[in-house]
There are 2 protein chains.
Amino acid sequence: MDRDRILLTPGPLTTTLRTKLAMLRDWGSWDADFNALTARVRHSLLSVVQGHDSHVVVPLQGSGTFSVEAAVATVVPRDGHVLVLDNGAYCKRAARIATLMGRRCTVLPFDEAQPVDPQALAQSLSADPSISHVVLIHCETGAGVLNPLQAVADVCQQQGRGLIVDAMSSFGALEIDARRTRFDALVAASGKCLEGVPGMGFVFIRKAVLDGCAGNSASLAMDLHDQYVYMEKTGQWRFTPPTHVVAALHEAIVQFEAEGGQPARLARYTANFRALSEGMAALGLRPFLEPAIQAPIIVTYHAPAHPAYDFKRFYAAARQYGFLLYPGKLTQLETFRVGCIGAIGPNDMRQAVDAVARALTDLGIPPGRPDA
Amino acid sequence: MDRDRILLTPGPLTTTLRTKLAMLRDWGSWDADFNALTARVRHSLLSVVQGHDSHVVVPLQGSGTFSVEAAVATVVPRDGHVLVLDNGAYCKRAARIATLMGRRCTVLPFDEAQPVDPQALAQSLSADPSISHVVLIHCETGAGVLNPLQAVADVCQQQGRGLIVDAMSSFGALEIDARRTRFDALVAASGKCLEGVPGMGFVFIRKAVLDGCAGNSASLAMDLHDQYVYMEKTGQWRFTPPTHVVAALHEAIVQFEAEGGQPARLARYTANFRALSEGMAALGLRPFLEPAIQAPIIVTYHAPAHPAYDFKRFYAAARQYGFLLYPGKLTQLETFRVGCIGAIGPNDMRQAVDAVARALTDLGIPPGRPDA
């Protein structure tokens, strides 16, 4: 009988028992108590990005991808033109979403080992005035690259285009300040760096563009403008909310604030990242990205070149020692990923490295010389 | 310090502690343990409708409405024509969903105090061969009417049209047998009569129409065909699943099966309904529907005609005594609703009636003569 396994994944992730205990109550979705819970969550979320003056926040049922789709459907007019800055799998998904819903969509490709380039964006926008909105993934979880949000936002502002940011895996850990960084929409979810459980997303929408969003969405469920208007009027969600998930997020945010908010969370995740990096380096495992563009959220490692390596067996072995790793998502290279996020600390990361070492040994791969 | 209040609402509803305790664990969405959980839930759901031979079941993140929208988007071709049998608020919502997504949509209106009429449906279908799909709400929660699923399905089959059933508030409590009743899609959700927590829906799709569904949906998140194909291939959800909600549903289904499945659940809800009906009648409160068309799921009552009646005050008073009632949803009449579903029994319903009596007294309305 061991402890629950620790999730070293980009979400769902390991949450505190206190957060999970908040789900031991049933809430009436029409009740004032639950409305107050929703209101407190929304207020706290706006505080995280200093967005009370400039933005509203609209929660939405479903996974984070539902909120990304809803943001594009709600913010981009039907005759709009979306430019997706593409340096990874989640960028490609955003482009597929925009194309499927019938929005004109152009992809600006970049190397998945590099951040997107604001200069190239500026040139694309100058060359094509029909582009109405730019989509940026803040931290591309595919490889773990940190993209230059501020510089991209500045280019969009200078050229008068809207910006939609997928901040799924950065929100709460990396600084985002709506007073300094202009975005029309920014998307995140409950089960990531706020350390809630999965089941809902939320989208910040700039007040200045909000009224113009009415009628854009061809989906009722994903119409964030409709969700917003109803919620402002009634305090309630339009359709049945995931009440237990909302309660867990509320409790997670209380702990987030008590820990010291985003700076404290970034400090802990950075400590996790360092403990992981040092330990994995000692095992001879090489990260895919240059340190300067690596967010302390999720780290992609080259798979050992040893002939005995097989991800499924490696995963199963590390799992046996109490840790869940994550498969790689690069198209050309054999990699695996390790998350640094969740209700865990540097000690857990050191134990994770130890589990990886044992797993390699079990596979017959000598830790320290995994490519031999 | 009192017990948690009991939810007499159409969902979210009161769940067992055992169901909620299943949420005290974090699951990796990529892990074999979680895949097995998903597979067991899907298998059990198919067993509820005896659908293993004829249907597949596809779970979807979000509220039940998301699954209704996904069912229409996935099953109805882009040039299809939807006929909505309308006897209430949820029918109107389905029509709005179909229209918004660009499907041609016709509404066949009925009295909200009556079931829809299969004869009228047959005439409409004969008169308009362009109608490709019919949408039926099995139990219209707006008033609580039980609609004639079998007769509607027979008409659709005879005339060769597809049928999409919203069985949100009936699934698990009322008998649905896919061997006898032909439907192309049938939709329900976790937080209703299976007594799970809210946060996911699921759609049964007839195997014979499944392949033809590819490419119908203009939404990536709601494409049930895509979700199905990916889940069959990998055992995983396409996008982050609401892991804790899935775990709670699994635990709820284990209890559902142990209780004796759908017949036992119907028997308990019927006992709840009888206890409620007898008690409310003694208080002089009159149900809106004739008994023959009243499903034992949710009951609409005429509001007391007494001048001191006000729903918000009535709600607050009943709440103080431990029970959450539900507002009415009829357009012309002042009503309120009381749910009979959830992890509660006839004793709870008798206590609920007692709370209603006390609430009326608090408002200065004499129980027994509420219209005086």
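Higher on the page you've got the structure.
Bear in mind that the values here come from a model prediction, so they are computed numbers and not experimental data.

Caption draft 1: Local environment of the overall build of chain A. A count of helices and strands for chain A gives 12 helices and 14 strands. The C-alpha atoms of chain A give 21 Å as radius of gyration, which agrees with the globular expectation for 372 residues (21 Å, within 12%). Dimensions of chain A along its principal axes, counting C-alpha atoms only, are 60 × 55 × 35 Å. Accessible area of chain A: about 13,000 Å², with a carbon and sulfur share of 52%. Looking at chain A, you have 34 positive and 35 negative side-chain charges, and the mean spots of the two groups are 2 Å apart.

Caption draft 2: Focus on the pattern of salt bridges. Throughout the structure, instances matching the rule amount to 40 salt bridges over all chains. Here Arg180 of chain A makes a salt bridge to Glu175 of chain A, at a shortest N to O gap of 3.9 Å. By relative accessible area, which is 48% here, Arg180 of chain A ends up partly exposed. Of the charged contacts in the structure, one is a salt bridge between Arg238 of chain B and Asp226 of chain B, with a shortest N-O distance of 2.9 Å. Placement of the pair is Arg238 of chain B in the loop between helix H8 (224–234) and helix H9 (243–259) and Asp226 of chain B in helix H8, with a sequence separation of 12 residues. Taking relative accessible area as the criterion, Arg238 of chain B reaches 9% and is therefore assigned buried.

Caption draft 3: Region of the structure containing the side chain of Gln227 of chain A. Residue and element names in this part refer to chain A. Tracing the sequence through the fold places Gln227 in helix H8 (residues 224–234). We classify Gln227 as buried; its relative accessible area is 0%. Polar contacts involving the side chain of Gln227 include one to the side chain of Arg238, which spans 3.0 Å. Among all residues touching Gln227, those that are not within four sequence positions of it are Val58, Pro59, Leu60, Gln61, Trp237 and Arg238.

Caption draft 4: Fine view of the packing of helix H2 (residues 32–48) of chain A against helix H9 (residues 243–259) of chain A. Residue and element names in this part refer to chain A. In contact at an axis separation of 10 Å, H2 and H9 are set at 45 degrees when each is read in the N-to-C sense. By the angle between their directions, the pair H2 and H9 is classed as oblique. The two elements H2 and H9 cross, and the hand of that crossing is left-handed. From H2, Phe34, Leu37, Thr38, Arg40, Val41, Ser44, Leu45 and Val48 reach across to H9, where they touch Thr243, Val246, Ala247, Leu249, His250, Ile253, Phe256 and Glu257. Residues belonging to the contact of H2 with H9 are distributed by class as follows: 10 nonpolar, four polar and two charged.

Caption draft 5: Inspection of the nonpolar core at higher detail. Among the nonpolar cores identified, the biggest contains 97 residues, and Leu85, Leu163, Phe171 and Phe204 of chain A together with Leu163, Phe171 and Phe204 of chain B are the most heavily contacted of them. Sequence-distant contacts of Leu85 of chain A, defined by excluding residues within four places in its chain, comprise Cys91, Leu108, Phe110, Val116, Leu121, Val134, Val135, Leu136 and Val152 of chain A. One finds Val68, Ala95, Met101 and Phe239 of chain B within the second-largest nonpolar core, a separate group that totals 76 residues.

Caption draft 6: Up close: the relation of the copies chain A and chain B. Structural alignment of chain A on chain B gives an RMSD of 0.0 Å, achieved by rotating through 180 degrees and translating 0.0 Å along the axis. Interpreted geometrically, this transformation is the action of a two-fold axis. In terms of C-alpha distance to the rotation axis, chain A has Gly62 of chain A as its closest residue, with the C-alpha 2.0 Å off the axis. Taken as a fraction of all interface residues of chain A, those also at the interface in chain B reach 100%, which identifies the copy contact as same-surface.

Caption draft 7: How the structure looks around the sheet that holds strand E13 (residues 326–327) of chain A. All names here are of chain A. Spatial strand order, E11-E14-E13: three strands in an open sheet with antiparallel pairing. For this open sheet the edge positions go to strand E11 (298–302) and E13, each flanked by a neighbour on one side alone. The pairing of E13 with strand E14 (residues 335–339) spans two bridges and is antiparallel. Pairing of Tyr326 across the sheet is with Arg337, part of E14. Packing of helix H10 (residues 261–282) onto the sheet brings it into contact with E11 and E14, and relative to E11 it is tilted by some 10 degrees.

Caption draft 8: Local environment of the interface of chain A and chain B. Listed as interface residues are 58 residues of chain A and, on the opposing side, 58 residues of chain B. Note on chain A versus chain B: buried area summed over both sides is about 4,800 Å², and carbon and sulfur give 64% of it. The largest contributions to the chain A side of the interface with chain B come from Asp26, Trp30 and Leu220 of chain A, which together make up 15% of the buried area. Between chain A and chain B we count 10 salt bridges in total. With its nearest N and O atoms 2.9 Å apart, the salt bridge here joins Arg319 of chain A to Asp33 of chain B. Joining chain A to chain B, the criterion identifies 18 residue pairs in polar contact (both at pLDDT 80 or more). Breaking the side of chain A that touches chain B down by element, the ones donating at least two residues are helix H1 (17–21), strand E2 (55–61), helix H3 (64–75), helix H4 (89–100), H9, helix H11 (311–320) and E13 of chain A. Tallying contributions element by element places H4 of chain A first for the side of chain A that touches chain B, with four residues. Its residues assigned to classes, the side of chain A that touches chain B shows 28 nonpolar, 15 polar and 15 charged.

Rules behind the numbers
Residues numbered from 1 in each chain as written. Chains lettered and ligands numbered in written order. Predicted model: local features only at pLDDT ≥ 70, side-chain atom pairs only at ≥ 80, totals over all residues. Heavy atoms only, no water. Helix = DSSP H or I, 4+ residues; strand = E, 2+ residues; numbered from the N terminus. Rg over C-alpha atoms; globule rule 2.2 N^0.38 Å. Areas by Shrake-Rupley, 256 points an atom, 1.4 Å probe, with all protein chains shown as cover. Lys, Arg positive; Asp, Glu negative; His and termini not counted. Charge placed at Lys NZ, Arg CZ, Asp CG, Glu CD. Salt bridge = Lys/Arg side-chain N within 4 Å of Asp/Glu carboxyl O. Buried < 20%, exposed > 50% of the residue type's maximum accessible area, 1.4 Å probe, protein only. Polar contact = N/O pair within 3.5 Å; in protein donor to acceptor, adjacent residues only side chain to side chain. Contact = heavy atoms within 4.5 Å. Axes fitted to C-alpha atoms, helices over the stretch in contact; angles between N-to-C directions. Parallel < 35°, antiparallel > 145°, perpendicular 65-115°, else oblique. Left-handed = near helix turned anticlockwise from the far one by under 90°. Nonpolar A, V, L, I, M, F, W, Y, C, P; charged D, E, K, R; others polar. Core = buried A, V, L, I, M, F, W, Y, C linked by side-chain atoms within 4.5 Å. Least-squares fit on C-alpha atoms with pLDDT ≥ 70 in both. Pairing = 2+ DSSP bridges. Buried area = accessible area lost by both parts, 1.4 Å probe.

Structural measurements only, silent on function.
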